[in-house]
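Remarks on the overall topology
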Amino acid sequence: MRWWHEFRYVVRQMNRRRAEVELEEEIRAHLELETEQNIEAGMSPEDAHHAALKVFGNVSLSKEDSRTMWGFRSLETLWQDVRFGVRVLVKSPTFTIVAVIALALGIGANSAIFSVVNTVLLRPLPYKDPDRLVVVWEDASKHGYPRDTPAVANYVDWRDQNQVFEGMAAMASASVNLTGVGEPERIEVRRVSANFFPLLGVEPQLGRTFLPEEDQPGAANCVVVISNGLWQRRFGSDKKIIEKPINLNGVSCTVVGVMSPNFQFPDRGVELWIPIAFSSKEAANRGGHYLEVIARMKPGITLQQAQADMSSIAARLQQQYPEQNTDLGAVVIPLHEQVAGDIKPALLILLGAVGFVLLIACANVANLLLARAAARQKEIAVRVALGASRLRLIRQFLTESILLAALGGALGLLLSLWGVNLLKTFIPENISQARAITIDAKVLGFTLLVSLLTGLVFGLAPAMQASNFNLNETLKEGGRDSAQGSRGHRIRSLLVITEVAVSLILLIGAGLLINSFLRLRNVDPGFRADKLLTMQVVLPKVKYREQAQRSAFYTELLHRVEVLPGVKSAAVTTNLPLYKQGNSIGIEIEGRPAPEPGKELIVATRVISPRYFSTMGIQLLQGREISGQDKADSPAVAVISETMARRYWPGEDPIGKRISPGKPESPDDWITIIGVVKDVRQFELEANPKPQMYLSYEQAGFFEPNDLVVSTNADPLSMAAMVRNAVWEIDKDQPVSKIRTMEDIISESVARQRFSMLLLGIFAILALVLAAVGIYGVMSYSVAQRAHEIGLRMALGAQRSDVLKLVVGQGLKLVLIGVAIGLAAAFTLTRVMSSLLFGVSATDPITFITISLVLISVAVLASYIPARRATKVDPMVALRYE
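Residues numbered from 1 in each chain as written. Predicted model: local features only at pLDDT ≥ 70, side-chain atom pairs only at ≥ 80, totals over all residues. Heavy atoms only, no water.

A word on the state of the cysteines
Scanning all chains against the criterion turns up one disulfide. At a sulfur-sulfur separation of 1.9 Å, the disulfide partner of C222 is C253. Residues C222 and C253 are joined by a disulfide whose S-S torsion is about 80°; by sign, that bridge is right-handed. Note that C222 is positioned in the loop between β5 (206-207) and β6 (223-226) and C253 in strand β8 (residues 251-258), a separation of 31 residues in sequence. (Disulfide = S-S within 2.5 Å. Helix = DSSP H or I, 4+ residues; strand = E, 2+ residues; numbered from the N terminus.)

In structure tokens:
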């Protein structure tokens with residue numbers, strides 16, 4: 001067989017020589033093509049050939065030519081570089097496609113996330129001088145409410161006494177029944193002061209906003225301003241709607257204005273605005289805390305000055321009204337910060353995460369360019385031999401890399417258009433600006449800048465490396481083991497280490513969020529959410545003025561619903577759990593002194609119907625539930641939560657104890673505790689349960705039921721039509737709104753956490769795949785470069801297992817270094833995620849260890865495949881080849 005190996009060796013030498021001849025012919029072909037194109041452009045044959053040679057740096061230029069044509073300053077030379085770069089990329093379609101896809105994923109993800117950050121955090125709000133708009137809250141931190149809604153009387157004092165605002169407006173949440181136009185509908189409303197719209201600096205699309213005299217108690221006419229969405233949906237965009245009446249809660253109100261499509265305040269759900277019109281009694285009330293307050297700072301006033309002025313007013317109010325205002329301050333928040341909400345940390349973290357993904361993509365493409373530059377050493381050597389300078393080569397390589405980045409940016413921009421639409425489905429509903437997320441000029445500029453910087457980042461190292469070599473060594477057949485190859489190997493290894501470290505940071509961040517989300521979803525909400533149908537049925541007071549009328553309606557409704565096929569039970573309540581809203585009242589306990597001002601016993605209160613606990617699946621721990629015997633003329637009763645029992649009667653039996661909402665003025669004001677139930681997460685899953693109290697809907701007239709909950713045997717939503725018809729059988733004009741399952745409500749309550757987890761998880765997986773591809777590529781190239789060494793080892797007796805260990809060990813070494821660096825960086829960087837986590841530390845050791853092992857396993861697999869190929873090297877072939 002020796003003659004066969006000799007024959008194969010001769011064939012390889014002939015092939016190598018033929019490849020060198022083909023390279024020389026290719027360069028000559030490029031010169032001829034460039035010359036022909038220059039002649040076609042109108043040059044003389046001599047000038048055309050002269051200009052073509054300049055592309056390869058073979059002709060020394062005059063000083064005048066140097067000033068006009070040489071270097072980056074020459075548009076003509078740059079155009080030549082671009083044309084040559086395009087031809088080179090077209091000639092290697094596989095390399096070009098892989099590189100462009102990798103860059104497109106990184107650039108597209110960055111553009112999509114930046115479009116969200118731009119809209120939610122950077123873009124000015126669509127109001128006049130939005131940087132001067134602020135929201136003012138009561139600071140009740142000592143009561144557990146750092147941003148609390150103020151009482152009307154406190155708002156009036158703020159408005160009249162401040163020296164820093166040119167205007168202050170109040171809002172209050174409400175909802176009304178819209179009837180008389182199609183099916184009855186429940187509409188989300190904001191009661192606002194007359195200066196609300198002028199304060200924001202917005203004008204209606206049609207008509208006008210409120211006049212000062214319309215914001216007075218007992219105003220002659222009920223007037224409303226409606227949203228553009230409501231105008232289109234319910235009134236068919238009728239431009240004659242102005243001055244026409246509509247029926248709200250049985251009262252005829254006149255439409256005086258229609259807002260523009262871009263106006264939404266404070267969130268997307270509000271579709272109608274009415275004057276707030278405080279009565280004299282309301283204006284003196286410091287007990288009911290339900291307002292939202294916005295203000296516009298005077299020109300030149302800073303946020304710190306506004307805060308100091310409001311704190312001074314709050315301090316005076318504490319002294320004047322110690323019973324109601326003890327430990328109540330005021331806090332001023334920029335409106336933009338308020339609108340952005342708690343999504344800001346998540347968006348900034350995601351923006352950093354996609355930056356890391358782009359960094360990994362750049363490292364991968366840089367590795368591809370390094371390997372490709374090594375394969376083009378003969379071409380580069382010929383160009384240097386023809387007179388090309390190092391600067392000329394660097395410029396050409398950078399031109400090619402920027403072309404790749406431009407292609408990746410263009411494809412990435414298309415991907416970002418799809419990504420933005422996808423993000424809109426994930427972003428929480430309470431982000432009011434989410435609907436306005438678009439790819440605007442700022443996002444286009446960002447994409448262009450990222451593409452340019454990307455091209456420079458991943459192209460500079462390969463360009464420097466490819467242009468720095470020994471010409472004589474490269475032209476030799478044995479030049480493959482030159483020092484230049486060693487330097488290239490070190491750069492590629494450094495890039496792999498960087499990819500591993502960055503991937504580990506993203507994977508750990510995603511792991512922490514996944515762990516946090518799972519723990520949050522595993523929190524016991526205190527009720528059973530499966531097969532529960534919910535809907536709002538709010539009775540208008542104009543039609544149902546007396547509590548007896550409202551009680552009769554709900555009693556009849558529950559009777560009709562419970563006899564429907566597939567219904568197990570039904571109940572009504574003032575607020576369902578996890579709505580992040582509800583009522584709270586201060587109580588006194590019989591036999592104990594009244595609480596001091598500022599130390600009132602605040603209890604979350606729900607008014608319910610019989611069978612509420614069994615319908616919701618809330619466990620009764622002690623005593624009995626509220627039942628049908630607890631009528632309006634019966635002794636008042638209450639069921640309390642276990643937290644309330646533990647806090648106010650530690651070590652005692654609370655059954656039979658009596659409490660009173662506010663100061664009891666007669667024996668009839670006392671409420672007897674008849675039962676204790678399991679804690680329910682009324683406001684949010686991550687918040688510890690507060691003391692809770694449940695009252696009978698027939699006995700507690702100060703709160704009204706809003707929500708109907710139905711326990712079913714089948715799919716809850718399939719029962720919605722029958723339940724709605726049961727409502728309309730009692731009152732055909734009664735709207736039914738917010739039809740959802742209880743599982744949907746729980747899902748919406750963790751929308752922010754899900755948004756952060758899903759996106760960071762996707763970016764982390766993308767980073768892991770890119771890192772694995774990078775490791776595989778480097779190890780494959782290393783095996784190809786070390787074929788001679790591996791053949792020599794095997795010829796000297798090395799076993800396949802030894803070669804396998806050698807190659808895998810080389811890859812594992814790089815991975816372990818990257819993991820060590822990544823762990824150190826993650827230990828610091830993940831601390832910024834603390835506000836996004838629930839039930840897990842930002843430095844959770846289990847997550848760190850588990851993710852590290854996963855990454856190492858994937859990296860070993862990526863190294864194992866090239867290692868298996870290395871074990872199949874024929875020692876004789878490798879030695880003959882050299």
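Focus: the pairing of strand β15 (residues 601-608)
Regular strands have side chains that alternate between both faces of the sheet. In terms of residue burial, β15 counts as a mostly covered element, since six of its eight residues are buried. Pairing of β15 with strand β20 (residues 692-696) involves five bridges; the strand directions are parallel. Counted as the bridge partner of I608 is S696 from β20. (Buried < 20%, exposed > 50% of the residue type's maximum accessible area, 1.4 Å probe, protein only. Pairing = 2+ DSSP bridges.)

Focus: unusual backbone geometry
Positioned with a positive phi, D129 is a non-glycine residue whose angle comes to about 40°. Topologically, D129 is positioned in the loop between α5 (93-122) and β1 (133-140).

Things to note about helix α27 (residues 845-870)
Between its terminal C-alpha atoms α27 stretches 37 Å, which fits the 38 Å expected from 26 residues at 1.5 Å a residue. Maximum bend of α27: about 25°, positioned at Y864, with proline P866 one to four residues after it. Among the residues of α27, T847, F848, I851, S852, L855, I856, A859, A862, S863, P866, A867 and A870 are the ones counted as buried. (Expected span 1.5 Å × (residues − 1). Bend = angle between axes of the 7 residues up to and from the residue.)

Examining the pattern of salt bridges
What the rule picks out here adds up to 26 salt bridges. For the salt bridge of R132 with D129, the shortest nitrogen-to-oxygen distance reads 3.1 Å. Judged by its relative accessible area of 16%, R132 is buried. E556 is the partner of R560 in a salt bridge, and the nearest nitrogen-oxygen pair spans 2.8 Å. (Salt bridge = Lys/Arg side-chain N within 4 Å of Asp/Glu carboxyl O.)

Comments concerning the environment of L272
Mapped onto the elements of the fold, L272 is located in strand β9 (residues 272-275). Considered as a pair, L272 and N228 are 44 residues apart in the sequence and their alpha carbons are 9.6 Å apart. Residues contacting L272, with those up to four places away along its chain left out, are I187, E188, V189, R190, V224, V225, I226, L230, I246 and L248. (Contact = heavy atoms within 4.5 Å.)

A short note on the nonpolar core
By size, the foremost hydrophobic cluster in this structure holds 98 residues, and its most contacted members are F527, Y612 and F763. Residue contributions to this core peak at 15 residues, all from helix α24 (residues 751-785). The residues touching Y612, leaving out its near neighbours within four places in the chain, are A571, V572, T573, P577, I618, Y694 and V709. Grouped together as the second largest cluster of nonpolar side chains are 42 residues, Y554, V603, I659 and A700 included. (Core = buried A, V, L, I, M, F, W, Y, C linked by side-chain atoms within 4.5 Å.)

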